[in-house]
Amino acid sequence: MRVVLGIWRWRHNPLRRTTDLIEAWLAVLVAALLVFGAPAAGWLSGSALNSSLQRTVATQQQERHESTAVMVTDSKQHGNTGFFDPDSASVQSSDARVVAQWTTAGNAKHVGTVTAPRAHLAPGDTFTMWTDTHGTQVPAPLNGDVAHFHAVFSGIVAALLTAVLLLGAWRLAVWRLVHQRYKELDRQWAHVGPDWGRTGTGS
């Protein structure tokens, strides 16, 4: 508020240049956008992403079911075959491919090669896996808290990027204003410079 009042009193200052007034009002505008605009951009971005992710969470939790599988035999396919785990954001490299039998939520029995959550299983060992409505193994559904965390992080990044863009635009505008002042000074000096200091100049 003091800055605004200072600009208002300064508007009739005879030494004030138009570029000075523009620069001052730009500073006020950028400050207001940094205080209100950047957080608003972050909140809108995070809120939109959170809504989208929560819909995905609800859909996955409805369509994916936890099943108990029984290992039948080892498929001899070990190594980097794990699913991408959205909770740990990593590939479970300790997973193993095994032939197993499982029952879906509709009591349909299936036998096939699936990814077990750990290696060194013996025939008859049980493990938990997730399946879709057709009984096909799928990754675990996205966790709501994890989705919310991603949305909050995205909102923070959006707010920071907005602030950086605002500051960058402000610095560019100030540079253009300073350049304009120098051009005006050069123009005025070209007009009065040759007569500077001469007796009777301006009389």
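Everything numeric in this text was worked out from a predicted model, so none of it was measured.

Thresholds applied
- Residues numbered from 1 in each chain as written.
- Predicted model: local features only at pLDDT ≥ 70, side-chain atom pairs only at ≥ 80, totals over all residues.
- Heavy atoms only, no water.
- Helix = DSSP H or I, 4+ residues; strand = E, 2+ residues; numbered from the N terminus.
- Contact = heavy atoms within 4.5 Å.
- Areas by Shrake-Rupley, 256 points an atom, 1.4 Å probe, with all protein chains shown as cover.
- Core = buried A, V, L, I, M, F, W, Y, C linked by side-chain atoms within 4.5 Å.
- Buried < 20%, exposed > 50% of the residue type's maximum accessible area, 1.4 Å probe, protein only.
- Patch = residues over 30% accessible without salt bridge, like charges linked within 9 Å, V, L, I, M, F, W, Y side chains within 5 Å.
- Salt bridge = Lys/Arg side-chain N within 4 Å of Asp/Glu carboxyl O.
- Pairing = 2+ DSSP bridges.
- pLDDT = per-residue confidence, 0-100.
- Expected span 1.5 Å × (residues − 1).
- Bend = angle between axes of the 7 residues up to and from the residue.

1. Observations concerning the overall build of the protein chain
Phase 1: When helices and strands are counted, the protein chain shows three helices and seven strands.
Phase 2: The secondary structure elements of the protein chain, listed N-terminal to C-terminal, are α-α-β-β-β-β-β-β-β-α.
Phase 3: Long-range pairs, those at least 24 residues apart, make up 61% of the contacts in the protein chain between residues at least 6 apart in sequence.
Phase 4: Carbon and sulfur atoms form 61% of the exposed surface of the protein chain, whose accessible area is close to 13800 Å².

2. Examining the nonpolar core
Phase 1: Residues Ala69, Met71, Val98, Ala100, Trp102, Val114, Ala116, Leu121, Phe127 and Met129 constitute the largest nonpolar core, which totals ten residues.
Phase 2: Residue assignment for this core shows that the elements contributing at least two residues are strand S1 (65-78), strand S4 (96-103), strand S5 (109-116) and strand S6 (126-131).
Phase 3: If you tally residues by element for this core, the top one is S4, at three residues.
Phase 4: Filtering out sequence-adjacent residues up to four positions away, Phe127 remains in contact with Ser67, Thr68, Ala69, Met71, Val98, Ala100, Val114, Thr115, Ala116, Pro117, Arg118 and Leu121.

3. Structural notes on a nonpolar patch on the surface
Phase 1: A cluster of nonpolar side chains, namely Phe149, Phe153, Val157 and Leu161, defines an oily patch on the protein surface of about 410 Å² accessible area.
Phase 2: For Phe149, the position within the fold is in helix H3 (residues 144-192).
Phase 3: Classification of Phe149 by relative accessible area gives exposed; the value is 55%.

4. A word on the environment of Ala122
Phase 1: Among the secondary structure elements, Ala122 is positioned in the loop between S5 and S6.
Phase 2: Given the relative accessible area of 34%, Ala122 is considered partly exposed.

5. So, the side chain of Thr104
Phase 1: Checked against the element boundaries, Thr104 lands in the loop between S4 and S5.
Phase 2: Among residues more than four places away in sequence, those in contact with Thr104 are Ser67, His110 and Gly135.

6. Digging into the pairing of S5
Phase 1: Bridge count for S4 against S5 is eight bridges, and the pairing is antiparallel. Bridging from a neighbouring strand, Gln101 pairs with Val111 of S5.
Phase 2: Count of turn residues in the S4/S5 antiparallel hairpin: five residues, of which Asn107 carries a positive phi of about 65 degrees.

7. Remarks on the confidence of the model for the protein chain
Low-pLDDT stretches of the model should not have their predicted coordinates read in fine detail.
Phase 1: When pLDDT is averaged along the protein chain, the result is 80; 74% of the residues meet or exceed 70.
Phase 2: Considering each helix and strand of the protein chain separately, the mean pLDDT is smallest for strand S3 (residues 90-91), with a value of 44, and largest for strand S7 (residues 137-138), with 92.
Phase 3: Considering only residues more than four positions removed or in separate chains, one finds that residues 88-93, a stretch of pLDDT under 50, has eleven contacts.

8. Concerning helix H2 (residues 18-63)
Phase 1: The end-to-end C-alpha distance of H2 is 64 Å, a good match for the 68 Å that 46 residues give at a rise of 1.5 Å each.
Phase 2: Maximum bend of H2: about 40 degrees, positioned at Leu34.
Phase 3: Every buried residue of H2 is accounted for by Thr19, Asp20, Ala24, Val30, Ala38, Gly42, Gly46, Asn50, Leu53, Val57 and Gln60.

9. Quick word on the pairing of S6
Phase 1: Residues of S6 alternate between two faces, with Phe127, Met129 and Thr131 buried on one and Thr126, Thr128 and Trp130 left unburied on the opposite face.
Phase 2: Note: S6 against S7, two bridges, orientation antiparallel. Across the sheet, the residue bridging to Thr131 is Gln137, located in S7.

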